[in-house]
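Fold and geometry: a report
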Amino acid sequence: MPDHGPNGASVKHARDRAFVDFRYAFDTMKNLFGRQAFVELLLSEGITHLFGNPGTTELPIMQALPDYPELKFILGLQESVVVAMADGFARASHQLTAANVHVAPGLGNAMGALYNAKFSGSPIILTAGQQEQGHGLLEPLLYDSLPAMAAPLVKWSVEVTQLQDLPRILRRAAKVACTYPMGPVFISLPGDILNAEGPLDMGQSIRIDPRVRPADEVLGQWTQALRSARRPCIIAGQELAIHDAFGLAADLAETLGAAVFQEPVPYSTSFPTDHPNNMGMLTRSQENVRATLEPYDLIICLGADLLRMSVYSPVEPLPEHARVLHLSERPWELGKNYRTELAVSANVRETLRALLPNLKSSMSDAERQAAQQRNQVLLTDNWNQRYPQRVALAQSQQDQRPLTAPAMLWHVTRELPRDVIVVEEALTSTHALPQYLRRQDPDSFYGLASGGLGFAIPGAVGISLAKPGRPVMAIVGDGSAMYSIQGLWTAAHLKLPITYVITNNRSYRIIKERLVSMQNCDQFIGMDMQDPPIDFCQLAESMGMQARRITEAQDITPALQQALASGRPQLIEIMMSNGFDR
Ligand SMILES: Cc1ncc(C[n+]2csc(CCOP(=O)(O)OP(=O)(O)O)c2C)c(N)n1
Ligand SMILES: [Mg+2]
């Protein structure tokens, strides 16, 4: 009697692959060059774009690409741009994404963008061509140990050392990148592997189903804790957007009469702006966050980081009396910094779906009434209620020149198309952006999640590729823009519908503000870009992108509408106040 393998096929000699004749193995055996196997494996993992910047060590891949037109190569003109484009694509698509950079210096260039991708939880397979094994020992130009370089920022870092391992490594890399918490992985591809040929078992793609929910007993504990709250609030986080759970989060908020704050790290939209329980975004000032949360006795952290801040403060952002319930699929974030009463590592959508019926059926009439009363109170002070005051502030500054941030933001946000996707990296010009920008759907906004400058210009390219047909507006500070300005070229080359808004205050204004507030010093060295001034219109035009400069508030909205409706890449440079002219 023969043994039985997968699909019930017979196995003649189970230990010897060459003699296996069941369909599963038959289908996956191929005779290929390493370079072909690499591309075929990417394709069979569902990858559609390869973001890259080629050099000599990547030539085998470049040789293979013409045979696989279904894998689109997206050229970035520096490796940080390449990885930021891939990061944008992964953030907007939630799909496994591939990027390829050039040996040690290219990987070095990419590290800041890789840090951002790690922070965003972007499932990226990052590869680099490597000198041929043995040749590397001679320490030729460009050589260094690539896995060691990438290791601190990725979930798995490895070099392929024999051709037969390539499929297993790539399959595992894909699985690891896509397993929650998602994140980038790195594979070093020596030239001798890419140029070798042989029989390969290509294996098959596997994903770990992430839709886990807590045990009934845990749901019971949550229900008890939620019912006992007198004044609950929710911190809504990116996992609600990733898993399309806004409706369920809104249901929880309404059921409990809970205020909803969006998490301080601007990963994404995390709750609809117009919902009556939405109180807006938490800031990254410890004092301010503490004051905001002070009135609440129960904080329900839904798929969010628990109060990740930016700069040091002796003040703890979490009020001492507040009880904390935390639900996230990123176990590292649970109970990490602050006392947490209940923590559960699970999928927000599945958990809310299981929790809500439980909660609703067990609430008493008195609890329901109390929740409804809280909902009524929230109506009087929510995001929508406060909007007219912000407009009034913007209008009061309309005639100031150069423009102030509130005046500029009001004109930028007031007539945006409903389906626009906003990408933000504009520092002082946009710390008020969440107060003016209406966001309804989960993929309407991507912010500078990690703090590492250089994401927005190339990130918008990846986001636009992931969301074809939707207009993208990237609003970027002049300083930030210069970290990855080459990204404009790829947007122009691909004719993507992206409008870049550069808020030009000819300085690193936020750094100046912090020098004053944190160090009590107003001698600004290395924070101005006045001499010579940078002309962003000329920069864009030199890369084939139409551009215009705006100094008057009333010109902003029509210019933006025209650019967004054009379906073409355009750049609008808005001249802004630097805040320190004396
Ligand atoms: C990769 C990287 N380098 C440097 C910094 C430090 N940094 C933070 S904000 C900033 C200035 C940003 O200037 P700009 O984009 O013009 O915004 P503004 O503050 O002028 O509105 C700098 C240099 C950083 N966060 N990331
Ligand atoms: Mg600036």
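Procedures and definitions
Residues numbered from 1 in each chain as written. Chains lettered and ligands numbered in written order. Predicted model: local features only at pLDDT ≥ 70, side-chain atom pairs only at ≥ 80, totals over all residues. Helix = DSSP H or I, 4+ residues; strand = E, 2+ residues; numbered from the N terminus. Rg over C-alpha atoms; globule rule 2.2 N^0.38 Å. Buried ≥ 20, exposed ≤ 12 C-beta atoms within 10 Å, placed from the backbone. Near = placed C-beta within 6 Å. Nonpolar A, V, L, I, M, F, W, Y, C, P; charged D, E, K, R; others polar. Pairing = 2+ DSSP bridges. Axes fitted to C-alpha atoms, helices over the stretch in contact; angles between N-to-C directions. Contact = placed C-beta atoms within 7 Å. Domains from an automatic or database assignment. Core = buried A, V, L, I, M, F, W, Y, C linked by C-beta atoms within 7 Å. Parallel < 35°, antiparallel > 145°, perpendicular 65-115°, else oblique. Left-handed = near helix turned anticlockwise from the far one by under 90°. Expected span 1.5 Å × (residues − 1).

**What about the overall build of the protein?**
For the protein, the helix and strand inventory stands at 23 helices and 22 strands. For a compact globule of 582 residues, the expected C-alpha radius of gyration is about 25 Å, and the protein comes in at 26 Å, within 12% of that figure. For the C-alpha atoms alone, the extent of the protein along its principal axes is close to 75 × 65 × 45 Å. A burial count over the protein gives 49% of its 582 residues as buried.

**Side note on the site of ligand 1**
Lining the immediate environment of ligand 1, one finds 20 residues, of which Leu427, Gly477, Gly479, Ser480 and Ile510 sit closest. For the shell around ligand 1, the secondary structure elements donating two or more residues are α19 (478–481) and α21 (509–519). For the shell around ligand 1, a count of residues per class yields 7 nonpolar, 11 polar and 2 charged.

**Topic: the sheet that holds strand β8 (residues 157–159)**
Reading across from one edge, β5-β4-β6-β7-β9-β8 is the order of the 6 strands in this open sheet, with parallel pairing throughout. Across the chains shown, the open sheet's two edge strands, defined by having one partner strand only, are β5 (72–75) and β8. Adjacent strand axes in the sheet meet at a mean angle of 25° when their direction is disregarded. As judged from the 3 bridges shared by strand β4 (residues 49–52) and strand β6 (residues 97–102), these two strands associate in the parallel manner. For Gly52, the partnering residue across the bridge sits in β6 and is Asn100. The sheet strands contacting helix α5 (residues 103–120) are β6 and β7 (124–130), and the helix crosses β7 at an angle near 170°.

**Digging into the domain arrangement of the protein**
Domains assigned within the protein are domain 1 (6–201), domain 2 (216–381) and domain 3 (384–575). Distance between the C-alpha centres of domain 1 and domain 3: 34 Å. Listed by contribution, the elements that provide at least two residues to the side of domain 1 that touches domain 3 are β5, α4 (79–93) and α5. Broken down by element, the residue count for the side of domain 1 that touches domain 3 peaks at 11 residues, all from α4. Taken together, the residues of the side of domain 1 that touches domain 3 sort by class into 12 nonpolar, 9 polar and 2 charged.

**Topic: the nonpolar core**
Judged by nonpolar contacts, the single largest core of 120 residues is most densely connected at Val83, Ile125, Ala474 and Leu488. In terms of residues, this core owes the most to one element, α4, which gives 9 residues. Both domain 1 (6–201) and domain 3 (384–575) contribute no fewer than three residues apiece to this core. Filtering out sequence-adjacent residues up to four positions away, Ile125 remains in contact with Leu96, Ala98, Ala173, Ala174, Ala177, Val185 and Ile187. Ile234, Ala250, Ala259 and Leu378 belong to the second-largest nonpolar core, a separate cluster that totals 48 residues.

**Looking at the packing of helix α2 (residues 34–44) against helix α7 (residues 166–178)**
Running from N to C, α2 and α7 point in directions that differ by 25°, and their axes come no closer than 10 Å. Compared by their axis directions, α2 and α7 come out roughly parallel. By crossing handedness, the relation of α2 to α7 is classed as right-handed. Contacts between α2 and α7 involve Gly34, Ala37, Phe38 and Leu41 from the first element and Leu166, Pro167 and Leu170 from the second. A per-class count over the contact of α2 with α7 returns 6 nonpolar, 1 polar and no charged.

**Observations regarding unusual backbone geometry**
Geometrically, the link from Tyr180 to Pro181 is a cis peptide bond, its omega value of -10° lying close to zero. Turning to its location among the elements, Pro181 is positioned in the loop between α7 and β9 (185–190). At the junction of Arg401 and Pro402, the peptide bond is cis and its omega measures out at -10° in the coordinates. With respect to the helices and strands, Pro402 occurs in the loop between α15 (383–396) and α16 (405–413). Positive phi values are uncommon outside glycine, yet Glu139 reaches one of about 55°.

**Considering the environment of Pro147**
Tracing the backbone through its elements, the reader meets Pro147 in helix α6 (residues 146–150). For the pair Pro147 and Asp192, spaced 45 residues apart in sequence, the C-alpha to C-alpha distance is 17 Å. Contact partners of Pro147, with chain neighbours within four places excluded, come to Ser157, Val158, Glu159, Phe186 and Ser188.

**With respect to the sheet that holds strand β16 (residues 342–345)**
The sheet built from 6 strands is open, its strands ordered β13-β12-β11-β14-β15-β16 with parallel pairing. Because the sheet does not close on itself, it has two edges, and the strands there are β13 (278–281) and β16. Ignoring which end each strand starts from, the neighbouring axes of this sheet average 15° apart. By the bridge criterion, 5 bridges tie strand β14 (residues 298–302) to strand β15 (residues 323–328) in an arrangement that is parallel. Bridge pairing in β15 links Leu302 to Leu327.

**Considering α4**
Every α-helix winds through 3.6 residues per turn, so residues three or four apart in the chain are directed the same way. Between its terminal C-alpha atoms α4 stretches 21 Å, which fits the 21 Å expected from 15 residues at 1.5 Å a residue. Within α4, 14 of the 15 residues are buried, which leaves it mostly tucked inside the rest of the structure. His94 sits one or two residues past α4 and shows a positive phi near 55°.

**Re the environment of Leu437**
For Leu437, the location among the structural elements is in the loop between α17 (433–436) and β18 (445–446). A residue is classified by how many C-beta atoms lie within 10 Å of it, and Leu437, with 23 of them, is buried. Taking the C-alpha atoms as reference points, Leu437 and Pro266, 171 residues apart in sequence, are found 13 Å from one another. In this structure Leu437 touches Thr413 and Val422, once residues within four positions along its chain are discounted.

**Examining the environment of Pro388**
The residue Pro388 is located in helix α15 in this model. Classification of Pro388 as exposed rests on a count of 9 C-beta atoms within 10 Å. Expressed as a C-alpha distance, the spacing of Pro388 and Tyr436, which sit 48 residues apart in the sequence, is 9.8 Å.

**Details of the packing of α16 against helix α23 (residues 553–566)**
Between α16 and α23, the least distance of the axes is 8 Å, while the angle of their chain directions is 30°. It follows that α16 is roughly parallel to α23 by the angle criterion. Read as a crossing pair, α16 and α23 show a hand that is right-handed. Here Ala407, Met408, His411 and Val412 of α16 lie close against α23, whose contacting residues are Ala553, Ile556, Thr557 and Leu560. Along the lines of polarity and charge, the residues of the contact of α16 with α23 split into 6 nonpolar, 2 polar and no charged.

**Remarks on the pairing of β7**
When you tally the buried positions in β7, you get 7 out of 7 residues, the bulk of the element. The two faces of β7 match: Ile124, Leu126, Ala128 and Gln130 on one face and Ile125, Thr127 and Gly129 on the other face are all buried. Pairing of β6 with β7 involves 6 bridges; the strand directions are parallel. Of the residues in β7, the one forming a bridge with Ala99 is Leu126.

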